[in-house]
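Observations on chain architecture
Each chain is listed here by its residues.
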Amino acid sequence: MDFNLNEEQLMVQQAARDFAQNDLLPGVIERDEKQIFPSEQIKKMGELGFMGMMVDPKYGGSGLDAISYVLAMEEISKVDASASVVMSVNNSLVCWGLQEFGTEEQKQKWLPQLASGQIHGAFCLSEPEAGSDATSQKTSAIDKGDHYLVNGMKNWITNGNTASLYIIIAQTHAEKNHKGINALIMTKDMPGFTVGPKEQKMGIRGSDTHSLQFNDVKVPKENRIGEDGFGFKFAMKTLAGGRIGIASQALGIASGAYELALKYSKERKTFGTEICNHQAIAFKLADMAVNIEAARHLCLKAAWDKDNQKNYDISGAMAKLFASQTAMDTTIEAVQIHGGNGYVREYHVERMMRDAKITQIYEGTSEIQKIVISRSIING
């Protein structure tokens, strides 16, 4: 067992840290306040290789391991969770799913553009009546011979308006339940594809979240990913890796808030001394440090499992469950340590507290993670 990062991993971590501090930190408060999508920053993330980190170099990717991905996600999420969710969706849900299960033609067509940041993608599973119950897909994809005719709606889609490629999960054979679901590649220029209004969100306000409407959208058969009926399995396998990305995002939000709280506690004085010298504050910092370190190890273990071709369903679920709770707990206490200053925007921690909550909800709620974990430990 070796807890040391290799030279390449350390370089990725440092590059992500430098990018976050130099490119993401300036303007992050304004982007949150005005719901501005970080277009230029996402473009530069692509140039640095952060948008296709695990994509094979033959498709224009960085060819890095999942551990490097976790390290980069943490550093970027310390500063701007709205940027890191774009990175997570593009890497974990879109690029990985295409590389793992797409045809060679699909990979050649889309991965170089996605990995370079020329374009980014969206993963479309959730619906008004199908969130945690992902088998209840109402969006239909009727087989018309050489194409599918798609009708329905998707909700809460990250990159909903800015994406160029959309992976749509839709029901083709309702009588087969989840075994009749397909995954289809769709583009926004297809007639009948409509993007709804931008969601007014509590957190990750710089990210681009919309509902999508499909009215008789014709999708060519060659845009299907995998065999007929593979869509639900595709979604579940892809989301298993997505949990590692969101766990790393939660870890970054927590560690970013902790670093700010620690720094502030050494500067702010009450009763004649820095507040870090008061046990009430010191113990909060100790709890933060322990939980963040535990969350980091869970994230890295899940990434290690993925890199070593081991099953990471449970380790990923554990990492997401614990890291998202750590993000909430840590950001709440970071606001408390900052006192009144924590409640105003210029000190960043109130934004982090708002951003943290979504990590307990998207890509599988905390309750769904507990179902995954409990079934595994009970059924063996």
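Scoring rules and cut-offs
Residues numbered from 1 in each chain as written. Predicted model: local features only at pLDDT ≥ 70, side-chain atom pairs only at ≥ 80, totals over all residues. Heavy atoms only, no water. Domains from an automatic or database assignment. Contact = heavy atoms within 4.5 Å. Buried area = accessible area lost by both parts, 1.4 Å probe. Salt bridge = Lys/Arg side-chain N within 4 Å of Asp/Glu carboxyl O. Helix = DSSP H or I, 4+ residues; strand = E, 2+ residues; numbered from the N terminus. Buried < 20%, exposed > 50% of the residue type's maximum accessible area, 1.4 Å probe, protein only. Expected span 1.5 Å × (residues − 1). Lys, Arg positive; Asp, Glu negative; His and termini not counted. Axes fitted to C-alpha atoms, helices over the stretch in contact; angles between N-to-C directions. Parallel < 35°, antiparallel > 145°, perpendicular 65-115°, else oblique. Nonpolar A, V, L, I, M, F, W, Y, C, P; charged D, E, K, R; others polar. Core = buried A, V, L, I, M, F, W, Y, C linked by side-chain atoms within 4.5 Å.

Attention shifts here to the domain arrangement of the protein chain. Each domain of the protein chain was delimited in the assignment, giving domain 1 (7-120), domain 2 (122-228) and domain 3 (232-379). Measuring from the centre of the C-alpha atoms in domain 1 to the corresponding centre in domain 2 gives 23 Å. Tallying the contact residues gives 21 residues for domain 1 and 25 residues for domain 2. Taken over both partners, the interface formed by domain 1 and domain 2 buries close to 2000 Å², and the fraction arising from carbon and sulfur atoms is 60%.

This part covers the pattern of salt bridges. According to the stated counting rule, one finds 17 salt bridges in the structure shown. For R31, the salt bridge identified is with D80, shortest N-O distance 2.9 Å. You can see R31 sitting in helix α2 (residues 28-34) and its partner D80 sitting in the loop between α4 (66-77) and α5 (81-101), a full 49 residues away along the chain. Judged by relative accessible area, which is 8%, R31 ranks as buried. Its relative accessible area of 4% is what places D80 among the buried residues. Between E293 and R296 there is a salt bridge whose closest N-O contact spans 3.0 Å. Here E293 and its partner R296 are both found in helix α8 (residues 279-307), three residues apart, which amounts to about one turn of the helix. Look at the salt bridges and you will find they share partners, linking R17, E75, K78 and E259 into a network.

Another point: α4. Compared with the 16 Å implied by 1.5 Å per residue over twelve residues, the 16 Å span of α4 between its first and last C-alpha is a close match. What α4 keeps buried is the set A66, I67, S68, Y69, V70, L71, A72, M73, E74, E75, I76 and S77. Close packing links the buried residues of α4 with α1 (7-24), α3 (39-47), α5, α7 (231-265) and α8.

Topologically, E363 is positioned in the loop between α10 (349-357) and α11 (366-379). Buried charged residue E363 carries no salt bridge. Nearest counter-charge: K320, at 7.5 Å. When neighbours within four sequence positions are excluded, E363 is seen to be in contact with S88, V89, L93, L239, G242, R243, I246, K320 and Q369.

This brings us to the packing of α4 against α8. Interhelical geometry of α4 versus α8 gives an angle of 150° and a closest axis separation of 8 Å. Classified by the angle their axes make, α4 and α8 are roughly antiparallel. Contacts between α4 and α8 involve A66, I67, V70, L71 and E74 from the former and R296, C299, L300, A303, W304, K306 and D307 from the latter. Looking at side-chain class alone, the contact of α4 with α8 contains eight nonpolar, no polar and four charged residues.

What follows concerns the nonpolar core. If you look at the biggest cluster of nonpolar residues, it comprises 90 residues, and the most contacted ones within it are M45, F50, M87, L98 and I167. With 16 residues, α7 is the largest single contributor of residues to this core. If sequence neighbours within four positions are ignored, M87 has contacts with M45, F50, M51, M53, Y69, A72, M73 and I76. In terms of nonpolar packing, the next biggest core, distinct from the first, is built from 18 residues, C124, A141, Y148 and V217 among them.

Here we come to the environment of E127. Note on placement: E127 falls in the loop between β1 (121-124) and β2 (140-143). Look at E127 and you get buried, because its relative accessible area is 2%. A sequence separation of 27 residues divides E127 from K154, and the C-alpha atoms of the two residues are 4.6 Å apart. Apart from the residues lying within four places of it in its own chain, the contact partners of E127 are S136, Q137, K138, T139, M153, K154, N155, W156 and I169.

Moving on, we come to unusual backbone geometry. A positive phi angle is found at N159, which is not glycine, with a value near 70°. The phi dihedral of N177 falls on the positive side, at around 55°, and the residue is not glycine. Of note, N177 is situated in the loop between β4 (165-171) and β5 (181-186).

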